[in-house]
Amino acid sequence: MIATDVAVVGAGPAGAAAAITLARAGRRVVLVDKAVFPRDKCCGDGLTTGALRRLEQLGIEPESLASWQPVDAVWMRSPRGRRVRFPLPGGPGTYAAVARREELDAALVGLARAAGVQVHEGHAVVAVESRGDHVTVGVDGIGPVVARYVVAADGMWSNVRKLTGAGDAPGYLGEWHAFRQYFTDVAEPAATQLWTWFDADLLPGYAWSFPLAGGRANVGFGILRRPGEPTRSMKALWTELLDRPHIRDVLGPDATPEAAHKAWPIPARVASTELHALGGRVLFVGDAARATDPLTGEGIGQALETGELAAAAVLGAGPTWAAVAAERYGEAVHRSLVVDHRLARGLSRVLSVEPAAAGAAAVAGATEWTRRNFARWLFEDYPRAVLATPSRWHRRMLAGPGAFARAREHP
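Residues numbered from 1 in each chain as written. Predicted model: local features only at pLDDT ≥ 70, side-chain atom pairs only at ≥ 80, totals over all residues. Heavy atoms only, no water.

Caption draft 1: Representation of the nonpolar core. In this structure, F284 and Y329 are the most contacted members of the largest nonpolar core, which totals 80 residues. Ranked by the residues each element gives to this core, the list is headed by helix α8 (residues 300-317), at 9 residues. Beyond its immediate stretch of four places on either side in the chain, F284 contacts A152, S158, V160, R161, T164, A166, E274, L275, H276, A277, A289 and Y329. (Core = buried A, V, L, I, M, F, W, Y, C linked by side-chain atoms within 4.5 Å. Buried < 20%, exposed > 50% of the residue type's maximum accessible area, 1.4 Å probe, protein only. Helix = DSSP H or I, 4+ residues; strand = E, 2+ residues; numbered from the N terminus. Contact = heavy atoms within 4.5 Å.)

Caption draft 2: Broad picture of unusual backbone geometry. The amide bond that connects F37 to the next residue, P38, takes the cis arrangement and shows omega of 0°. Of note, the amide linkage connecting L203 to P204 takes the cis form, showing an omega dihedral of 0°. Topologically, P204 is positioned in the loop between β13 (194-197) and β14 (206-212). Of note in the backbone geometry, D185 takes a positive phi value of approximately 55° without being a glycine. Mapping D185 onto the fold places it in the loop between β12 (176-184) and α5 (188-192). Despite not being glycine, E380 shows a phi value in the positive range, around 55°.

Caption draft 3: Focus on the side chain of R281. Counting through the fold element by element, R281 comes out in the loop between β18 (276-277) and β19 (282-284). Of the buried charged residues, R281 lacks a salt bridge, with D133 as the closest side chain of opposite charge at 5.8 Å. Apart from the residues lying within four places of it in its own chain, the contact partners of R281 are G132, D133, H134, V135, R148, Y149, V150, P319, T320 and A322. (Lys, Arg positive; Asp, Glu negative; His and termini not counted. Salt bridge = Lys/Arg side-chain N within 4 Å of Asp/Glu carboxyl O.)

Caption draft 4: Expanded view of helix α10 (residues 354-364). The complete set of buried residues in α10 reads A357, A358, A361 and A364. The buried residues of α10 occupy an angular sector of 130° when projected down its axis, which confines them to one face. Buried residues in α10 make contact with β6 (83-87) and α11 (368-378). (Arc of directions from axis to C-beta.)

Shown next, in the form of structure tokens:
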């Protein structure tokens with residue numbers, strides 16, 4: 001038996017952020033994951049301004065990630081073929097970047113170990129039972145882990161959800177579905193620039209090409225799930241998408257698939273998801289909390305944030321008051337994520353109609369001011385609905401620096 005203050009299940013960004021935050025605050029933490037790191041993770045690999053700031057606070061060093069590629073703008077093609085460049089602030093710091101999840105997640109697990117977290121890779125959770133003022137987590141190959149709290153960061157189909165009876169209705173497949181493939185030897189536009197294509201048949205989804213170091217790119221597309229439209233059709237659509245002239249021109253004639261394509265579901269309904277179980281002893285974070293952005297499908301920043309919010313709730317409530325931890329966590333998620341997600345969901349519905357999507361692109365690209373500020377809003381330089389939430393207002397809320405400014409100043 002392993003006794004600890006907090007057991008964290010899942011060592012992706014949400015779980016790692018929670019574990020690091022708790023360990024640095026002096027708590028004993030056990031982190032378990034059924035995978036062995038480094039491991040590939042289906043993702044677009046894009047990092048928003050908000051995600052980058054959180055990664056900097058956790059201690060990530062960009063130079064340690066071989067695929068790290070800073071981005072200074074996003075190129076967007078509207079449904080009617082108009083191309084617009086939306087520049088990000090020139091500094092100080094980095095406002096957008098791309099890094100393979102295989103490297104990023106392994107680095108976060110390394111930070112957790114350095115913080116004193118007891119990490120167990122390659123071990124699955126097989127049981128979760130409430131025992132009054134603690135929870136017993138059965139871990140295959142290790143035995144029981146007894147903890148005051150459990151932070152469940154084990155993905156969309158969270159096993160902890162199922163084991164605690166907080167699972168979704170049978171057949172839940174997420175709100176979105178995404179498809180990606182890595183390419184090598186891409187042309188200069190794809191190797192250095194971030195591209196999004198809002199083709200009419202994908203709306204409100206889009207296709208993307210995100211640059212990685214070494215002449216590589218993460219290329220993919222995401223679509224909204226619709227009744228009667230099976231996602232298996234994405235495989236056939238992928239071949240046709242890659243052959244579209246505006247995408248082929250960016251990737252270049254020498255672009256070569258690096259590995260097989262992969263697909264994954266995206267859960268994006270944090271506003272209607274149960275965030276805790278077992279009286280507050282279990283808190284769900286990241287994809288287990290369905291916290292992905294419903295407008296862009298971005299989830300790394302949201303994963304990091306929910307992990308840190310769960311850790312703060314545990315620290316604030318102490319070992320005894322689980323109900324207080326659940327209440328504080330729910331309030332924090334509502335204040336920090338739910339309002340933004342409702343706005344994003346509404347915009348996603350608007351963008352599902354071609355004239356509206358084309359009109360929105362035209363308005364966003366109308367002037368230098370609109371292009372610059374749209375890029376900052378899109379990449380979460382500040383919360384999406386910040387103007388509607390006075391509790392989040394502060395003096396520099398619309399003029400924050402990028403991440404890793406000091407690293408840029410002192411290479």
